[in-house]
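Remarks on the overall topology
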Amino acid sequence: MFYSFLITFYRNAIRRIGSTVINLLGLSIGLAAGILILLYVFNEYSFDRFHKNFESISRVNLNYANKDDDFYASEIPAAVGPSLLEYFPEISSFCRVTNTRDAYFNYKGKIVDIENVIYADSNFFQFFSFQLAEGNTKDVLRGIRKLVLTEELSTKLFGDENPIGKIVLLNGTESWLVSGVAKKSPQNSTIQFEALLSFETLYTDPDLYMDWNGGNQYQTYVALNPTFNKAGFESKLEYFLDIQINRKLEGSGFKVGLMLEPMQRLHLYSLTEDGSGGNIANIRIFALIAIFILLIACFNFTNMAAASAIYRARETGIRKVLGATRPTLIRQYLGESIMLSVLAALLALLLTEIVMPYYNALIDKDLNFYQTGNFIIPIAFIVLVIVTGFVSGIFPAIFLSAYQPVDTLKGGFISSKNRHLFPKILVVLQFAIAVGLLNSIWIINSQLKYIREYKTGFYTENVFGISLPGKTAKEKVEVLKQAFLQQAGVIQCGATVELPGAGVTMNGYFPETYTQPVMIHVMDIDATFIETMGMTVVKGRDFDKIDAENPMNCLVNEAYVRQYVASDPIGKKISRGGEMTIIGVVKDFHFASLHETIAPLILTNKPYNGFNFIAVRTADNAGNNVIEKLEKAWFSVLPNDPFIPVSMSTYLQRSYVSEMQLASILSWFTFLAVIIAVTGLLGLSSLILKLRTKELGIRKILGASGQRLMIASLIEFSILVLIANVLAVIPVWYFMDAWLAGFSYTIHISAANFAVTLIVTLLISWISVGWQALRAARVKTIDIIKYE
Amino acid sequence: MIKAEKLTKIFRTDEVETTALNAVSFEIKEGEFVAIMGPSGCGKSTLLNILGLLDNPTSGTYTFLDYEVSKSNERQRANLRKHNIGFVFQNFNLIDELTVFENVELPLIYLNMATRDRRERVNEVLEQMQIAHRAKHFPLQLSGGQQQRVAVARAVIAKPSLILADEPTGNLDSAHGEEVMNLLNELNITGTTIIMVTHSQRDAEYSRRVIRLFDGQIINENIKKSIV
């Protein structure tokens, strides 16, 4: 019997090869899209779970609260870890790392600059599950100026030489001993590094705060004992923080709190603003898209199965007459749809393999369907395929097998009332999903365009930030500026500690009349920076060269004036370990991303540890080789330091990486969704028009013109598309409104968005249905007589 | 073999009620060859569908092989059907996607017969129907007469005790029509009961009894003395 089923399935598929291909392609594209998105989602969820004991590791975040502010920071003082270990028996160990920073290494004149160097405690390789290729986990980072490189960096610096025991220069000045080689940190790790420096070295720098009283730049991870009890821990926390820090802050208005953030939550759920880029909201959107695309594909598949079943009504009737029972027929149709979905699955795997490299490039990951050790995805996939085959086959199977054989033989099944209602509902639903995605991607893209074009309040084009990575570079700021200015096409340059646009640091300050400090953003700049960036001083004056000798002057932005100054701001004081005088007010500019509103800002001209960047503005017509000229100028001053430029526009885009990723993924998958939905519409229209051949023919005999018949068919399908558009409006409005709420500066969702999508989808449907309607309208009356 | 008592079939739509069969009663014994005749719309095919267990009557009783089947469900009817009844239709009703061999084999598949036995039986019947050389062809590659021979082969494959033929020569020219009628006649001679709906007086000549229907009622039963 199975063989007979197989033969019938095969011959039917070949006989209607067009619809078989559409059907297979629709489902395989849907499945492939589903796999790709789910791989991404699983990857995001897998972050930091490769550590053997990830469940017992937490990151320590401190909470800073006063009457104006309440925020969490993951970069905390160095002393927190040791204090916790000493005080809480439920904490078994801790490990500290600094945030990543740029650096360059120099070995025998060979310079390699990297972006990810971090200081890490000596137990780093025991505490976490990062792998060492060479060296001993216990002591590679023990001692002063010990250095562990990744294999990749080691090859860049030393080639085939054994790196262990070699001395390299860090940032042109400090000598470090290579004590180990580490394997690359997994892509799904929050902690990323190209080089690790021994943490103990930090204690030898007298300029660094290593106690509770400052130096908020150390991420601290703690391992909790199996007996850890959250309530018990928290009950002791208040007293602990009291003796460590809060008593010293009494009267300041500040209170420090402490929160343990589980390792596996860092990537997607972090409460701190410096999360590692994951965003649970985006992941949910991706998962929703995956579900939607799979739904569209399943609806499509079901519709096509139903269509094919209707074509085969007569066959079903004959089989029934010959003794086939209802369960036999249900098994046959279910078997066929499961077989088809298995075929689609194989095709989907092939598609996935083909597009995987491009997809990985798009999302900047290294995903693979056959990831070793991950059985969830293949198993989920198999289940999905069988369920899809089952769900899409069960309706036609039950539907068709329920009819009396006499009816199916006579065509009574085909002419039954509401015969198209079920496929029509499915097509409307799949179109509604496609329309919803189209609308969403349009809104997301409009918002991103809005952000790109939003006036930040400073020049973003023709401006470059040149990094000052080492001590020598920092000392030669003025010489470098002069060297740059001598290049043709360079208009102005100015130095700063941080480039604007992606957020700047905060410190506690006392605005005049304040008795308690408030956390206020601060940028340290030189006298030409404001002019270089095209920012405007609206009151008072900019820094001048004399101010460089007088670091007690400062500028503030308009937001500062609005919040902290009652009358004329010029001459007002701000205190922090000394008293500064406001000499000017700068027009508000977006020093942070557009996710945030413009906050009060203080601009000082006394960098704590030297400037980190020189901003260089060039003329529009400076030409493409301006970077080469700047590089030449750089090496004329600093022949042994790397030249690391970044264009301001690129720098700004980094704040919107997750949104841009969302937009590009969403664009592609929306495209796929629309294609699948269109194939669904094609399937439905061919089914309906085929079944209406007789009706159309009779209408023609009675005098209807082909054109009129065609228009009538188009109107019928247009109504479906219209309903789909209407259905999509409310969910899109709701979800996109929620998404836009993450930005402080947004576009407004307008009815025009929806109107344009309606027109686009109507056009698509007319094109796809039109030729079939035309064919149906051209039916020859003689064929109708034969049909009878 | 067959006993119909006051068989009535009423088709209802939202507004119209049509009585296709009106209290029809008759008996058919094993081995008979009965023709049902009458003008279009008189209820011939409706009666044949009920007799073939493809449809249930609205009222009345129908006893087939001592089973009262007028109220039986689809499963019970399908079971009786596949073991005891073969069908021959005017438009052949072969499955286009299956070859001649596979079409003929189908009833045996539903009887769960073993593959080897099935093959033997199909080959035997195809030989008998002189269509074995076309075993691997598809229905659309055959002439009408050949297609109907395949349909007859399929009808007899499971050795049914009753064959129902609905206008078996309606789509055939006279030569092919005669061929098919001869096949049916031979089957009847070997003991198979045959009930045939026909418009053709010529075909009716093959039967031993003619039941004439008009407006859903039997108006005449004519028993012949001898086989033609």
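Keep in mind that what you see is a predicted model, and the values were worked out from it rather than measured. (Residues numbered from 1 in each chain as written. Chains lettered and ligands numbered in written order. Predicted model: local features only at pLDDT ≥ 70, side-chain atom pairs only at ≥ 80, totals over all residues.)

**Focus: the overall build of chain B**
Selection criterion: Numbering of helices and strands runs from the N terminus; a helix is a DSSP stretch of H or I covering at least four residues, while a strand is a stretch of E covering at least two. Atoms considered for the radius of gyration are the C-alpha atoms alone. The globule rule reads 2.2 Å times the number of residues to the power 0.38. Two residues qualify as a contact pair if the distance between their C-beta atoms, derived from the backbone, is within 7 Å.
A count of helices and strands for chain B gives 7 helices and 10 strands. Taking 17 Å as the expected radius of gyration for a compact globule of 228 residues, we find that chain B reaches 17 Å, a close match to that expectation. With respect to the principal axes defined by its C-alpha atoms, chain B has extents near 50 × 35 × 35 Å. Considering only contacts in chain B between residues 6 or more positions apart, those separated by 24 or more positions represent 67%.

**Things to note about the interface of chain A and chain B**
For the record, the criterion: Amino acids are sorted into nonpolar (Ala, Val, Leu, Ile, Met, Phe, Trp, Tyr, Cys and Pro), charged (Asp, Glu, Lys and Arg) and polar (every other residue, Gly among them).
Counting residues at the interface gives 21 residues for chain A, matched by 19 residues for chain B. For the side of chain A that touches chain B, the element with the highest residue contribution is helix α1 (residues 2–15) of chain A, accounting for 6 residues. When grouped by side-chain class, the residues that make up the side of chain A that touches chain B number 9 nonpolar, 7 polar and 5 charged.

**A look at the sheet that holds strand β1 (residues 2–12) of chain B**
Inclusion rule: At least two DSSP bridges between two strands are needed for those strands to be called paired.
Strand order across the open sheet formed by 4 strands is β2-β1-β4-β5 (chain B), with antiparallel pairing between neighbours. Edge positions in the sheet fall to β2 (17–28) and β5 (67–68) of chain B, since each of these pairs with one other strand and no more.

**Looking at the packing of helix α2 (residues 17–45) of chain A against helix α10 (residues 326–363) of chain A**
All names here are of chain A. The condition is simple: Axis lines are fitted to C-alpha atoms, over the contacting stretch for helices. Their N-to-C directions set the angle, which ranges from 0 to 180 degrees. In this scheme, roughly parallel covers angles under 35 degrees and roughly antiparallel covers those over 145, while 65 to 115 is roughly perpendicular and the rest are oblique. Less than a right angle of anticlockwise turn of the near helix away from the far helix marks a crossing as left-handed, whereas a clockwise turn marks it as right-handed.
It is the contact of α2 with α10, at a shortest axis distance of 7 Å, that shows an interaxial angle of 45 degrees. For the element pair α2 / α10, the angle class is oblique. As for how α2 packs across α10, the hand of that crossing is right-handed. On the side of α2, the interface is formed by Asn23, Leu24, Leu27, Ser28, Ile29, Leu31, Ala32, Ile35, Leu36 and Tyr40, while α10 contributes Leu340, Ser341, Leu343, Ala344, Ala345, Leu347, Ala348, Leu351, Thr352, Tyr359 and Ile363. Among the residues forming the contact of α2 with α10, the class breakdown is 17 nonpolar, 4 polar and no charged.

**Some remarks on the environment of B:Met113**
Residue and element names in this part refer to chain B. Mapping Met113 onto the fold places it in the loop between α3 (100–110) and α4 (115–128). Sequence separation between Met113 and Phe26 is 87 residues; the distance between their C-alpha atoms is 35 Å. Setting aside its immediate chain neighbours within four residues, Met113 contacts Leu108 and Arg118.

**Details of the packing of helix α22 (residues 706–740) of chain A against helix α23 (residues 751–777) of chain A**
Residue and element names in this part refer to chain A. Axis separation between α22 and α23 bottoms out at 8 Å; the angle between their running directions is 150 degrees. Between α22 and α23, the crossing angle belongs to the class labelled roughly antiparallel. Relative to α23, the crossing made by α22 is right-handed. A class-by-class count of the residues in the contact of α22 with α23 yields 15 nonpolar, 8 polar and no charged.

**Considering the confidence of the model for chain B**
Do not read the fine detail of predicted coordinates wherever pLDDT is low. What counts is decided by this rule: By definition, pLDDT measures how confident the predictor is in each residue, and it falls between 0 and 100.
For chain B, per-residue confidence averages 89 on the pLDDT scale, and residues scoring 70 or more make up 98% of the total. If you check the scores for this complex, the pTM reads 0.74 and the ipTM reads 0.80.

**Things to note about unusual backbone geometry**
Residue and element names in this part refer to chain A. Selection criterion: Residues are called buried when their C-beta atom has 20 or more other C-beta atoms within 10 Å, exposed when it has 12 or fewer, and partly exposed otherwise; all C-beta atoms are positioned from the backbone.
In this structure, Asp48 is a non-glycine residue whose phi angle is positive, near 65 degrees. The topology assignment puts Asp48 in the loop between α2 and β1 (57–65). On the basis of neighbour counts, which here come to 23 C-beta atoms within 10 Å, the residue Asp48 falls in the buried class. In this structure, Arg145 is a non-glycine residue whose phi angle is positive, near 55 degrees. Within the element layout of this structure, Arg145 appears in the loop between β6 (132–134) and β7 (146–150). On the basis of neighbour count, Arg145 is assigned to the partly exposed category, with 16 C-beta atoms found within 10 Å.

**As for the nonpolar core**
Residues and elements named next belong to chain A. Condition: Defined on buried residues, the nonpolar core groups Ala, Val, Leu, Ile, Met, Phe, Trp, Tyr and Cys residues joined through C-beta atoms within 7 Å.
Within the largest apolar cluster, 85 residues are counted, with the highest numbers of intra-cluster contacts made by Ile293, Ile296, Ala297, Phe431, Ala434 and Ala673. For this core, the secondary structure elements donating two or more residues are α2, α8 (280–311), α10, α11 (376–401), α13 (421–453), α20 (657–691), α22 and α23. Excluding anything up to four places from it in sequence, Ala434 contacts Ile296, Ala673, Val674 and Ala677.

**A word on the sheet that holds strand β22 (residues 613–618) of chain A**
Residues and elements named next belong to chain A. Taken in spatial order, the 4 strands of this open sheet run β14-β22-β13-β23, and their pairing is antiparallel. Taken across any chain shown, the strands that pair with only one partner, and hence form the sheet edges, are β14 (490–496) and β23 (645–647). The average undirected angle you get between the axes of adjacent strands in this sheet is 25 degrees. Here 6 bridges tie β14 to β22, and the two strands are oriented antiparallel to one another. For Val490, the partnering residue across the bridge sits in β22 and is Thr618. Helix α15 (residues 477–485) rests against β14 and β22 of the sheet, and its axis sits at about 165 degrees to β14.

**Description of the pairing of strand β20 (residues 579–586) of chain A**
Residues and elements named next belong to chain A. Alignment of strand β17 (residues 537–540) against β20, held across 3 bridges, turns out to be antiparallel. Residue Val537 lies in a different strand from β20, and its bridge partner there is Val586. Where strand β18 (residues 553–557) lies against β20, 5 bridges are found, and the strand directions are parallel. Paired with Val556 across the bridge in β20 is Val585. Remark: 3 residues form the turn of the hairpin made by strand β19 (residues 573–575) and β20, two consecutive strands paired antiparallel; Gly577 in that turn has positive phi of roughly 60 degrees.

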